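# Coordinate analysis (summary)
This is what each chain is made of:
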Amino acid sequence: MKNLIGKRYGRLTVIENTGKKAHSRENIYLCQCDCGNTIEVRSGLLTQGKTKSCVCLYKDTRKKDLSELNQAKKYIDGIHIDLFDGRSNKNNTSGFKGVSRHGNGYRAKITVKGRVYLGTTRATKKEAYKDRLKFEEELLPRKGEK
Ligand SMILES: [Zn+2]
């Protein structure tokens, strides 16, 4: 088993082995990010370069996307997208408003004036949710729609 302690991956420095195991049986390491946060990461994500920071790098690189999403947020009753994560919503099966499971993926769905619009099937909820936001932007009135 490789010892990762003291190694750097992107903005992360591996501090210690938490002693926990991921489902994949990889060790889970406690890492300190350059921004000061500490996070627990399984070894594979580090060694494969998939995790290079806590959320700060992700935030930096996704800023543009996020600002687009923030724009779109106006149209979803002021509910933050993040709040959908891990929550169930009685109206759908994905936790994202207007997104439901379809086959192996997810797709957006919106009903406007009795007409149903369906998005392409996407691999992730978030992609499908973007479709949904696009639908909302294109199809719904900008204000007062519920
Ligand atoms: Zn960070």
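Placed above this text is the structure.
This section reports on the structure supplied with the text. (Residues numbered from 1 in each chain as written. Predicted model: local features only at pLDDT ≥ 70, side-chain atom pairs only at ≥ 80, totals over all residues. Heavy atoms only, no water.)

So, about the sheet that holds strand S6 (residues 105–112). Neighbouring strands of a sheet are bound in pairs by backbone hydrogen bonds; such pairs are parallel or else antiparallel. The strand order S5-S6-S7 describes an open sheet built from three strands, whose pairing is antiparallel. Of all strands in the sheet, those bounded by a partner on one side alone are strand S5 (99–102) and strand S7 (115–118). Averaged over all adjacent pairs, the angle separating strand axes in this sheet is 35°, with direction ignored. Judged from the four bridges that link them, S5 and S6 form a sheet pairing that is antiparallel. Within S6, the residue paired with Ser100 across the bridge is Arg107. Taken strand by strand, helix H4 (residues 125–139) contacts S5, S6 and S7, and its axis lies near 15° from that of S6. (Pairing = 2+ DSSP bridges. Helix = DSSP H or I, 4+ residues; strand = E, 2+ residues; numbered from the N terminus. Axes fitted to C-alpha atoms, helices over the stretch in contact; angles between N-to-C directions. Contact = heavy atoms within 4.5 Å.)

All right, on to the sheet that holds strand S4 (residues 38–42) then. With antiparallel pairing, four strands are arranged side by side in an open sheet as S1-S2-S3-S4. For this open sheet the edge positions go to strand S1 (8–9) and S4, each flanked by a neighbour on one side alone. For strand S3 (residues 27–33) and S4, the ladder comprises five bridges, and the chain directions are antiparallel. Note on S4: the bridge partner recorded for Ile28 is Arg42.

Turning our eyes to something else, we now look at the environment of Thr13. In this structure, Thr13 sits in strand S2 (residues 12–21). On a C-alpha basis, the gap between Thr13 and Asp34 in space is 7.9 Å, while along the polypeptide they are 21 residues apart.

All chains considered together, the criterion is met by two aromatic pairs. Aromatic pair Phe96 and Tyr129: ring centres 5.0 Å apart, planes at 55°, arrangement tilted. Here Phe96, found in the loop between helix H3 (63–73) and S5, pairs with Tyr129, found in helix H4; they are 33 residues apart in sequence, far enough to count as distant. When the ring of Tyr117 is compared with that of Phe135, the centres are 6.2 Å apart and the planes differ by 50°; the resulting orientation is tilted. In this pair, Tyr117 sits in strand S7 while Phe135 sits in helix H4, placing the two residues 18 residues apart along the sequence. Under the relative-accessibility criterion, Phe135 is labelled buried at 15%. (Phe/Tyr/Trp six-rings, centres within 6.5 Å; stacked < 30°, edge-to-face > 60°. Buried < 20%, exposed > 50% of the residue type's maximum accessible area, 1.4 Å probe, protein only.)

Purely geometric numbers; function is a separate question.
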